[in-house]
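Chain by chain, the residues:
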Amino acid sequence: METTSSNVPRQFRTAVVPAAGLGTRFLPTTKAVPKELLPVVDTPGIELVAEEAAQAGADRMVLVTAPGKESVAAYFAEERELESLLARRGKFDLLERLRNAPKLLDVDTVVQQRPLGLGHAVLQAESTLAADESAFVVLLPDDLVLPSGVLETMARVRRRYGGSVLCAIDVPRESVSAYGVFDAVPAFGADPDVLRVNGMVEKPIAADAPSTLAAAGRYLLDRAVFDALRAIEPGAGGELQLTDAIAALIDQGHPVHVVVHRGRRHDIGNPMGLLHASVDLALRREEYADTFRSWLHSRLDSPML
Ligand code: G1P
């Protein structure tokens, strides 16, 4: 069996990233630019997600795109001419930044011809997995989960309990109807933030929600999920929901756990979320932090003009 550098069996090699959405919340920009390429400070969201997957051990990303969104995968291609130009001009910092995305991992694409839902998007990636890949990760590029590292924790949980492992965040009860929500109980391990999932429901109304623990766009899935995805019917919003396939796996006795993420999470699929993420990242970037912080203070102290 393949192992990681720490000599433990590797839990996944492939990261599936659904990127087929129309990006209506970013219209009119998304008439011309896919939302996955909008920058958080200066780096497209899709690169941040690819970086997170690569750091956690993925060596391949399967982008599930829609017709007309070819530029998302094209972003990961090398630009030799531009590289030589920057090298000739001595712009080595920029050169390094330009080379980052193409070297992170191999990128394949599959096209989701019709927008039938997240579950349908994930199912499109099945044919790209090798026969020996018993699990894979899914990262929703609208979700920026900070600091990164939750995928590594999820891999440790799968190593211990098997099955599938998801990431949860605790959200205010009035927001639960935007998420997949867990019915979960302590897993009796040493870590109080690892829970066993007894059920999962997509976009419940607040009064019916089993908890305030919501799916945060990171999934480590056993490939048994593909059979479950083939069996589900349209659910919330009339779409084929990944949540419903996971709920079906639980009903069949498949172990599903969540890791509760106690850091931050931004929804960069909407303008305000992208703004929050940009402020957050700018304040963590050495080259911007000091000047941006003092500008922000003075801006907040000054009257609106
Ligand atoms: C999707 C999932 C939902 C999850 C959410 C996280 O919903 O279906 O279970 O909680 O992502 O962002 P969407 O935001 O695509 O409606």
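Remember, predicted model here, so these are calculated numbers, not experimental data. (Residues numbered from 1 in each chain as written. Predicted model: local features only at pLDDT ≥ 70, side-chain atom pairs only at ≥ 80, totals over all residues. Heavy atoms only, no water.)

1. Observations concerning unusual backbone geometry
Selection rule: Only DSSP runs of H or I covering at least 4 residues are called helices, and only runs of E covering at least 2 are called strands; the numbering of each starts at the N terminus.
Following Leu27, the chain continues to Pro28 via a peptide bond in cis, the omega torsion being 5°. A cis amide bond, omega -10°, links Leu146 with the succeeding residue Pro147. Its identity is not glycine, yet Val41 carries a phi of approximately 60°, on the positive side. Of note, Val41 is situated in the loop between β2 (39-40) and β3 (43-44). The backbone of Lys203 shows a phi angle near 45°, a positive value even though the residue is not glycine.

2. Brief notes about the packing of aromatic side chains
Each aromatic ring pair is characterised by the separation of its centres together with the angle its planes make. This is how it is decided: Between rings of Phe, Tyr and Trp, where Trp is taken as its six-membered ring, a pair exists when centres lie within 6.5 Å; planes separated by under 30 degrees are stacked, by over 60 edge-to-face, and by other angles tilted. Buried, partly exposed and exposed residues are distinguished by accessible area as a fraction of the type maximum, computed with a 1.4 Å probe on protein chains only: under 20%, between the cut-offs, and over 50%, respectively.
Tallied over the full model, the rule gives 3 aromatic pairs. With centroids separated by 5.5 Å and ring planes inclined at 85°, the aromatic side chains of Tyr75 and Phe76 adopt a geometry described as edge-to-face. By relative accessible area, which is 29% here, Tyr75 ends up partly exposed. Taking the relative accessible area as the measure of exposure, Phe76 reaches 7% and is therefore buried. Each ring, one from Phe136 and one from Phe226, has its centre 5.0 Å from the other, and the planes form 5°; the classification is stacked. Remark: Phe226 occurs in helix α7 (residues 225-231) and Phe136 occurs in strand β6 (residues 135-139); sequence separation between them is 90 residues. There is no split in this pair, since Phe136 and Phe226 are both buried.

3. Side note on the site of the ligand
Operational definition: When at least one non-hydrogen atom of a residue lies within 4 Å of a molecule or strand, that residue is treated as near it. Contacts described as polar in this section are N or O atom pairs within 3.5 Å, which, within protein, must combine one atom able to donate a hydrogen with one able to accept it, while residues neighboring in sequence count only if both atoms come from side chains. With residues, only the protein chains shown are counted as cover, and all accessible areas are computed by Shrake-Rupley using a 1.4 Å probe. Three classes are used, and their members are as follows: Ala, Val, Leu, Ile, Met, Phe, Trp, Tyr, Cys and Pro are nonpolar, Asp, Glu, Lys and Arg are charged, and the others, Gly among them, are polar.
If you check the shell around the ligand, you find Leu118, Leu140, Asp143, Tyr179, Gly180, Glu202, Lys203, Ala215, Tyr219, Gln241, Thr243 and Arg265 and nothing else. Within the backbone of Ala215, one N or O atom sits 2.8 Å away from an oxygen atom of the ligand. When isolated, the ligand has an accessible area of 380 Å², and the protein chains bury 76% of it. Residues of the shell around the ligand, tallied by class, amount to 5 nonpolar, 3 polar and 4 charged.

4. Observations concerning the side chain of Gln241
This is how it is decided: Any two residues whose heavy atoms approach within 4.5 Å are treated as being in contact.
With respect to the helices and strands, Gln241 occurs in the loop between α7 and α8 (242-251). Residue contacts for Gln241: discarding those within four places in its chain leaves Gly119, Glu202, Ile232 and Ala236.

5. Considerations on the nonpolar core
Inclusion rule: Buried residues of nine kinds, namely Ala, Val, Leu, Ile, Met, Phe, Trp, Tyr and Cys, make up a nonpolar core once their side-chain atoms join them within 4.5 Å.
Ranked by internal contacts, the top residues of the largest apolar core, which has 41 residues, are Leu139, Met154 and Leu220. Of all elements in the fold, only β1 (14-19), α1 (45-55), β4 (60-65), α4 (92-104), β6, α6 (150-161), β8 (164-170) and β11 (213-222) reach the threshold of two or more residues within this core. Ignoring anything within four residues of it in the chain, the contact list for Leu139 reads Ala15, Val16, Val17, Pro18, Val49, Glu52, Ala53, Leu151, Gly217 and Arg218. In terms of nonpolar packing, the next biggest core, distinct from the first, is built from 36 residues, Leu166, Leu242, Ala245 and Ile246 among them.

6. Topic: the packing of α1 against α4
For any two helices packed against each other, the geometry is given by the interaxial angle and the distance between the axes. Heads up, the rule is: What counts as an axis is a line fitted to C-alpha atoms, over the stretch in contact for a helix, and the angles between N-to-C directions run from 0 to 180 degrees. Should an angle lie under 35 degrees it is considered roughly parallel, over 145 roughly antiparallel, and from 65 to 115 roughly perpendicular; all remaining angles are considered oblique. The hand of a helix crossing depends on one turn: near helix anticlockwise from the far one by less than a right angle means left-handed, and clockwise means right-handed.
As a packed pair, α1 and α4 sit with axes 9 Å apart at the nearest point and diverge in direction by 55°. Relative to α4, the element α1 lies oblique. Where α1 crosses over α4, the handedness of that crossing is left-handed. For the pair α1 and α4, contact is made by Glu47, Ala50, Glu51 and Ala54 and by Arg97, Asn100, Ala101 and Leu104, respectively. A class-by-class count of the residues in the contact of α1 with α4 yields 4 nonpolar, 1 polar and 3 charged.

7. A closer look at the side chain of Lys69
Inspection of the secondary structure puts Lys69 in the loop between β4 and α2 (70-74). Given a relative accessible area of 9%, Lys69 falls into the buried group. Among the polar contacts made by the side chain of Lys69, one reaches the main-chain carbonyl oxygen of Ala19 at a distance of 3.0 Å. The residues touching Lys69, leaving out its near neighbours within four places in the chain, are Ala19, Ala20, Gly21, Pro34 and Glu36.

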